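# Coordinate analysis (summary)
Chain residues, written in single-letter form:
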Amino acid sequence: MSSTAAARSTSGPQPPAPPAASLAAFDALVPGDPAPGWLRDGVASSWRFGPAPGGDVTMRLITVSENATFLVSVDGASAAVVRVARPGYLAGSDAFESEVAWVAALAADGVCQVPAALRTGDGTFCAALADEAGTDWWCVAYGYVAGRILEDLFADAEPGTGAADPTSYYREIGAINARLHEHALQWAAPEGFARHSWDVPDMLGPTARWGRWEDAVDGAGRELLERAQAAALAVVGQAPRDPAAWGLVHADLRPSNIMISSAGPGQAGNELTVIDFDDCGHTWFQYDFAAALSFLEHTPEAPTMALEWLAGYTSVRPVSRDAVELGCALSMVRRLQMLGWTTTHRADALPPDLWAAQVPGTLAVAESYLRSPTWLLD
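Residues numbered from 1 in each chain as written. Predicted model: local features only at pLDDT ≥ 70, side-chain atom pairs only at ≥ 80, totals over all residues. Heavy atoms only, no water.

## Considering the overall build of the chain
- The number of helices and strands found in the chain is 12 helices and 10 strands.
- Looking at the chain as a whole, 54% of its 378 residues qualify as buried.
- Looking at the chain alone, contacts between residues at least 24 apart form 75% of all its contacts between residues at least 6 apart. (Helix = DSSP H or I, 4+ residues; strand = E, 2+ residues; numbered from the N terminus. Buried < 20%, exposed > 50% of the residue type's maximum accessible area, 1.4 Å probe, protein only. Contact = heavy atoms within 4.5 Å.)

Shown next as C-alpha cells:
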C-alpha cells in the first residue's frame, strides 16, 4: 500500500467521497450476457486464466448493482467472480487491497466462511483495466463459491410452503455480524489500511454516496420522510464514536450477499458464506443491523427478522438499550439511503417486487418509526 494511504485515518470518519462515475458501459448487458472483449481479455491476462487471453475463458454478467459482477469460467468450469468497480467509487488500489486484507484475516481467524481473493500474475489483488475509451476500471477477483445466493432462494420459494423462510437465517446472520465486530475490535490492520466511512454525509444529503432520496418522492410523501429523517438523525447525532461503538463493518450483510451451500437450514453441510465486502468501511457497528434488513423493512416479516438478528448478535456480543435504539434509527436512515440508491441504480439490481415497493414501503416505514423509534423490536 502507498505511503499516502498509510497516512489516512483507519478508525474515524473520512471526508465524503465525490460522486462516482456510472456503470453505463454495461447498460446494454443483462445477466448471462458475455463481458465486453476488453474486460474479458484484461481479466484473463491479469489473473492468467487459461492458456492465452480470451482463449478458453468466458465471462458472463451476474448483476449490475454497486459494481458490475461477472462469473469467470475456464474450460467450462466456474473459476472466479470478478467485481468491476464504478470509476471513482473507491480511491485506487489501496482500498481493494485493504478489503482483501480484512477478508483474508477473517478466514485465517475462523470468524466466518468467506471466499478467497485471487492474486494477479503480478502478485497484487486488483488490476486497473482500460476500456476502448481509455477509462480505467478497477477489478478484484475472488474464487468461485458453489451454492446459491440466499436472496434467490427466498424468491424461488413457493408461498405458504414454509420453504426457505428468510427469518430462519437471521439469527445466524446476527451472530456472524457480532463475530465480525468482535474481530474488528481486536484486529491490528496492516500499515496503510484504507477504507471509506459510512458517516451521515455519506448516506444522506448532497454528498450521499448513492444518491438523494429526495429525488424519488415529493409532496406529502417528502414531508413525511423529512420528519422521519429528522427524528432518526436526532438519535444518530447523539451516538458515541468510541472504539466499542464505531469500527470496521461489512456494511451490507443481507441475503443478497450471503451464499448458502444447501437448500435449507438444519441440513447436513448447510453453510453460509459471506461475500461482497466492497462496501466495508468504518461506521457505527449497529449499522450492520440496519443493513441486514435493507429493502425489507416494510415487510410483515421484518420485525421477526430484526428480533432474530438481535438474538443471534447478543449470543456473541452484548447490546445496550441505547445501541438498540441507535440500530432502529440507523434502519430508518438506511431505508432513506437505499431509496436514494434506487435513483442511481438499475431496477434489475433488486427483485421486481422489492423495487416496486421502495417508495410506498419507505413511507410505511417512516410512519412506523414516527409512531415508535424502536418499531422493529416492539
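## As for the pattern of salt bridges
- Counted according to the given criterion, the structure contains 16 salt bridges.
- Here E182 ties to R317 by a salt bridge, and the two come within 3.0 Å at their closest N and O atoms. Of this pair, E182 sits in helix α5 (residues 167–186) while R317 sits in the loop between α9 (302–314) and α10 (321–341), placing them 135 residues apart in sequence.
- The exposure class assigned to R317 is buried, which follows from its relative accessible area of 10%.
- When the shortest N-O distance is used, the salt bridge between R212 and E214 registers 3.9 Å.
- When its relative accessible area of 33% is taken as the criterion, R212 is described as partly exposed.
- The network of salt bridges with common partners includes R83, E99 and D276. (Salt bridge = Lys/Arg side-chain N within 4 Å of Asp/Glu carboxyl O.)

## A closer look at α9
- With 13 residues, α9 ought to run about 18 Å at 1.5 Å a step, and its terminal C-alpha atoms sit 18 Å apart, in line with that.
- Within α9 the residues assigned to the buried category are A302, M305, A306, W309, L310, G312 and Y313. Each buried residue of α9 lies within a common arc of 165 degrees when the element is viewed along its axis, so the set occupies one face.
- Close packing links the buried residues of α9 with α5, α8 (287–292) and α10. (Expected span 1.5 Å × (residues − 1). Arc of directions from axis to C-beta.)

## A closer look at the sheet that holds strand β1 (residues 57–64)
- Spatial ordering of the open sheet is given by β1-β2-β3-β5-β4, a layout of five strands whose pairing is antiparallel. The open sheet has two free edges, formed respectively by β1 and β4 (126–130), since each of these has just one partner strand. Sheet twist, expressed as the average angle between the axes of neighbouring strands with direction ignored, equals 30 degrees.
- Sheet topology note: the strand β3 (residues 77–85)/strand β5 (residues 136–143) ladder contains five bridges and is antiparallel. (Pairing = 2+ DSSP bridges. Axes fitted to C-alpha atoms, helices over the stretch in contact; angles between N-to-C directions.)

## Side note on the confidence of the model for the chain
- Summing up the model confidence of the chain, the mean pLDDT is 88 and the portion of residues at 70 or higher is 87%.
- With pLDDT under 50 throughout, residues 263–268 is counted as low confidence; its partners more than four residues away or in other chains account for eight contacts. (pLDDT = per-residue confidence, 0-100.)

## A short note on the sheet that holds strand β6 (residues 148–149)
- Judged by pairing direction, the sheet is antiparallel, and its three strands sit side by side in the order β6-β8-β9 without closing on themselves. With one partner strand each, in any of the chains shown, β6 and β9 (272–274) form the two edges of the open sheet.
- In the sheet, strand β8 (residues 258–260) pairs with β9 via three bridges, with the strands oriented antiparallel. Looking across to β9, one finds that I258 is bridged to V274.
- Together, β8 and β9 form the strand contacts of α5, whose direction differs from that of β9 by roughly 45 degrees.

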